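Single-letter residue listing:
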Amino acid sequence: MKINPSPEELASLFSPNSKVVVLTGAGVSAESGVATFRDKTTGLWSRFNPKELANFTSFLKDPKLVWDWYDFRKQAIHTVQPNPGHFALVEMENLFSDFTLVTQNIDNLHQRAGSAKIIELHGNIERNYCIKCGRFKIEIEELPPTCESCGGLVRPDVVWFGENLPEDALRIAWQKSEECTIFMVVGTSAEVFPAARLPYEASKNGATLIVINPDETPVSVVSDFHVFEKSGIFLPQLVNALKKKLNG
Ligand code: APR
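Below is a summary of the structure that appears in this document. (Residues numbered from 1 in each chain as written. Predicted model: local features only at pLDDT ≥ 70, side-chain atom pairs only at ≥ 80, totals over all residues. Heavy atoms only, no water.)

Between Leu143 and Pro144 the backbone carries a cis peptide bond, its omega angle lying at -10°. Cis peptide bonds are those with omega within 30 degrees of zero, and the linkage from Phe193 to Pro194 qualifies with 5°. For Pro194, the position within the fold is in the loop between strand S7 (182-186) and helix H9 (198-204). Backbone geometry at Ala190 places phi at a positive 50°, although glycine is not the residue there. Checked against the element boundaries, Ala190 lands in the loop between S7 and H9. Ala190 gets classed as buried once you look at its relative accessible area, which sits at 3%. (Helix = DSSP H or I, 4+ residues; strand = E, 2+ residues; numbered from the N terminus. Buried < 20%, exposed > 50% of the residue type's maximum accessible area, 1.4 Å probe, protein only.)

Right, dumping it as structure tokens:
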């Protein structure tokens, strides 16, 4: 593993027909002011462990408590903006015809920044559906919300601990990881499966593996490069180097 390659050195690995996959986690939203999962939680919800709230059993036991937590997180997310790392990934998407952003994040910041070629492995905090009839509910007036067509309980469209990931999302992410030539792991501890398997799949199939994270991660040992830098700092530098290289 080469440590801290320059943006130019990494840009030299890309060509216009590179097949690029980027896997992101909570770290890419850290510079927007959104706490990561492994950050110490502070304030009102600090006494709760996310695992205690982000699960279906807790939801059935106390839907109001779980909805209060998601509403609190949603309100907090609405007060922040995407950061330069999010916007750099939008620019990368437009530099390559075969580019896929696979995110574990539910905060909708990639989408607000303009990312379109995005696979949401863990869902999206802005979407909700009825657990009885499956109908999506757009407006959330009361907590916990109920379905206007069948009266069933409405839940956030996010993957909770112990739940399967959306089948199509995982299948496409897996296929893209097997076929890509460059796989970037950005802002994730790479500890939660099956998302964390994707970089190994890519590496096994010959892709160049690049990690961007201020800290070591388990996937670093099989990576070709590890950039110990914040994504909001390094990704814009990489995109500038890519533009110089690709646009001549
Ligand atoms: N730039 C890049 N990486 C950063 C930054 C930053 N500015 N700040 C923190 N990081 C890194 C941390 O070093 C850590 O490795 O981001 C990673 C965040 O890891 P986690 O908090 O574990 O978040 P994530 O990897 O997204 O968690 C995966 O676990 O809790 C479940 O479903 C949840 O999707 C989540 C999944």
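Having seen it, we continue.
Moving on, we get to the state of the cysteines. By definition, a disulfide links two cysteine residues through a covalent bond between their sulfur atoms. Per the counting criterion, the structure on display carries 0 disulfides. Just so you know, Cys150 is unpaired, no disulfide at all, and the nearest cysteine sulfur is the one on Cys130, 3.5 Å from it. (Disulfide = S-S within 2.5 Å.)

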